Amino acid sequence: MSEAQEITRASGSNLALAFVVLPRERRQDCIDFYAFCRTVDDIADGNLPRAEKSAALDLWRRALVAPCADEPPLAAAQRRLIEKHHLPVEYFHEIIAGVEMDLDGASYATWEDLHLYCHRVASVVGLISIELFGARDPAAQTYAKNLGLALQLTNILRDVGEDLANEGRIYLPTDDLAKFNVTREDLTAGRRTEGFLALMDATADRAEDYYRASLVPRTDRRALAASEIMKDVYHRLLAKMRRDRWRVFGHRYRLSKFTKLLAVFRGWLRSW
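**A short note on the overall build of the protein chain**
Within the protein chain, the secondary structure is distributed over 14 helices and zero strands. For the protein chain, the succession of helices and strands along the chain, N to C, is α-α-α-α-α-α-α-α-α-α-α-α-α-α. Taking 272 residues into account, the globule formula puts the C-alpha radius of gyration at 19 Å, and the protein chain, at 18 Å, falls close to it. Overall, the C-alpha framework of the protein chain stretches about 50 × 50 × 35 Å when taken along its three principal axes. Residue pairs at least 24 apart in sequence account for 71% of intrachain contacts in the protein chain once pairs closer than 6 positions are excluded.

This is how it looks when you write it as structure tokens:
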């Protein structure tokens, strides 16, 4: 098993689950790309000193452009993807810039500030992914951007408690916290106040807007089957959290294996 396959399998990600519907060559390309995303994210979230994290991400930037000394083991595979699928290297640099935003903790004053982060770490991932999936309709780019925002907002809602435990990160915008009268102390204490529940509902409504806006182009239905499976899984996860009234402190929401397999089957069936 390759290093990229090991990273993907170890992650247990819902994103990796959807790769099973792809043809073998495209599936391997997606595994290689996912391993890159996982690797740079792990650098940002790891225990290295900040300067070493920054240096490791800078090395990745250089290695994406050309071979260099002591480059990461997965760098050659990313250069192959860039050449094979005519991908802008700037997309990969944007993803690195996104995870780099976490190096000094996470705090966003407004939705516009958080939108940039979500665009870099999720929508740009989507823009690369649709190329690896084989999408051809220009409308697929708008689809990828909107779906990326929806998925990332779902992640943020699910991980409120875990992010607080990770260097006190709070991705919910400061002005939204103030609007609903939610304080950092409330979050740290795990208080599910009426204001907190209203804040989570409002953020979920924003995610729902992006789910609705992520309309798959008819001519790319088969190519985008994998991303439609991701959409189904994460949308169901969002609905589950809302029904349960956001018990995100000390609990990580998951869907059952049966529900995930059903999503794979539905996605495959709809693509035909």
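**A look at a nonpolar patch on the surface**
A surface patch of nonpolar side chains, amounting to about 540 Å² of accessible area, comprises Phe-258, Leu-262, Phe-265, Trp-268 and Leu-269. Relative to the helices and strands, Leu-262 is located in helix α14 (residues 257-271). For Leu-262, a relative accessible area of 34% translates into the label partly exposed.

**Quick look at the pattern of salt bridges**
Taken as a whole and judged by the stated rule, the model has 26 salt bridges. Across the pair Arg-206 and Asp-176 runs a salt bridge whose closest N-O atoms are separated by 3.5 Å. Residue Arg-206 is found in helix α12 (residues 194-213), and its partner Asp-176 is found in helix α10 (residues 174-179); the two are separated by 30 residues along the sequence. Under the relative-accessibility criterion, Arg-206 is labelled partly exposed at 24%. Across the salt bridge formed by Arg-242 and Asp-205, the nearest N and O atoms sit 3.0 Å from each other. Of this pair, Arg-242 sits in helix α13 (residues 225-243) while Asp-205 sits in helix α12, and the two are 37 residues apart along the sequence. Given the relative accessible area of 25%, Arg-242 is considered partly exposed. Since its relative accessible area comes to 39%, Asp-205 is described here as partly exposed.

**A look at the environment of Thr-174**
Locating Thr-174 in the fold gives a position in helix α10. Residue classification places Thr-174 among the partly exposed residues on the basis of a relative accessible area of 42%. C-alpha separation for the pair Thr-174 and Ser-107, spaced 67 residues apart in sequence, amounts to 7.4 Å. Discounting chain neighbours no more than four positions away, the residues touching Thr-174 are Ser-107, Tyr-108 and Ala-109.

**Re the environment of Ser-107**
The topology assignment puts Ser-107 in the loop between α6 (89-100) and α7 (111-133). Taking the C-alpha atoms as reference, Ser-107 lies 6.0 Å from Tyr-171; in sequence the two are 64 residues apart. When neighbours within four sequence positions are excluded, Ser-107 is seen to be in contact with Ile-170 and Thr-174.

**Describing unusual backbone geometry**
One non-glycine residue, His-86, lies in the positive phi region at around 55°. Examined against the element boundaries, His-86 turns out to sit in the loop between α5 (75-84) and α6. For His-86, a relative accessible area of 72% puts it in the exposed group. One non-glycine residue, Trp-246, lies in positive phi territory at about 60°. Take Trp-246: it is sitting in the loop between α13 and α14.

**What about the nonpolar core?**
Grouped together as the largest cluster of nonpolar side chains are 88 residues, with contacts concentrated most on Phe-33, Phe-36, Trp-60, Ile-95, Leu-114 and Trp-246. Apart from residues lying up to four places away in sequence, Phe-36 is in contact with Trp-60, Leu-64, Leu-74, Gln-78, Phe-92, Ile-95 and Ile-96.

**Description of the packing of α7 against helix α8 (residues 139-158)**
Packing of α7 against α8 brings their axes to within 7 Å, and their N-to-C directions diverge by 125°. Between α7 and α8, the angle is such that the two are oblique. Crossing of α7 over α8 shows right-handed handedness. Of the residues in α8, those touching α7 at Trp-111, Leu-114, His-115, Tyr-117, Cys-118, His-119, Val-121, Ala-122, Ser-123, Gly-126, Leu-127 and Ile-130 are Ala-140, Gln-141, Ala-144, Lys-145, Gly-148, Leu-149, Gln-152, Leu-153 and Ile-156. In terms of residue class, the contact of α7 with α8 is made up of 13 nonpolar, seven polar and one charged.

**Let's talk about the side chain of Thr-154**
One can find Thr-154 in helix α8. When sequence neighbours within four positions are dropped, the list of residues in contact with Thr-154 reads Tyr-211, Tyr-234, Leu-237, Leu-238 and Met-241.

**Re empty space enclosed by the protein**
Using the criterion set out here, one finds two cavities of 30 Å³ or more in the structure. Roughly 60 Å³ of volume is contained in the largest cavity. If you go around the largest cavity, the residues you meet are Ile-156, Val-160, Asp-163, Leu-164, Arg-169, Ile-170, Tyr-171, Leu-172 and Leu-187. The biggest single contributor to the lining of the largest cavity is helix α9 (residues 160-165), with three residues. Residue composition of the lining of the largest cavity, grouped by class: seven nonpolar, no polar and two charged.

Criteria and cut-off values
- Residues numbered from 1 in each chain as written.
- Predicted model: local features only at pLDDT ≥ 70, side-chain atom pairs only at ≥ 80, totals over all residues.
- Heavy atoms only, no water.
- Helix = DSSP H or I, 4+ residues; strand = E, 2+ residues; numbered from the N terminus.
- Rg over C-alpha atoms; globule rule 2.2 N^0.38 Å.
- Contact = heavy atoms within 4.5 Å.
- Patch = residues over 30% accessible without salt bridge, like charges linked within 9 Å, V, L, I, M, F, W, Y side chains within 5 Å.
- Areas by Shrake-Rupley, 256 points an atom, 1.4 Å probe, with all protein chains shown as cover.
- Salt bridge = Lys/Arg side-chain N within 4 Å of Asp/Glu carboxyl O.
- Buried < 20%, exposed > 50% of the residue type's maximum accessible area, 1.4 Å probe, protein only.
- Core = buried A, V, L, I, M, F, W, Y, C linked by side-chain atoms within 4.5 Å.
- Axes fitted to C-alpha atoms, helices over the stretch in contact; angles between N-to-C directions.
- Parallel < 35°, antiparallel > 145°, perpendicular 65-115°, else oblique.
- Left-handed = near helix turned anticlockwise from the far one by under 90°.
- Nonpolar A, V, L, I, M, F, W, Y, C, P; charged D, E, K, R; others polar.
- 1 Å grid on protein atoms, 1.4 Å probe; cavity = no way out; pocket = protein on both sides within 12 Å on 5 of 7 lines; lining within 4 Å.
- Points joined across faces, edges and corners; volume = space filled by probe spheres on them.

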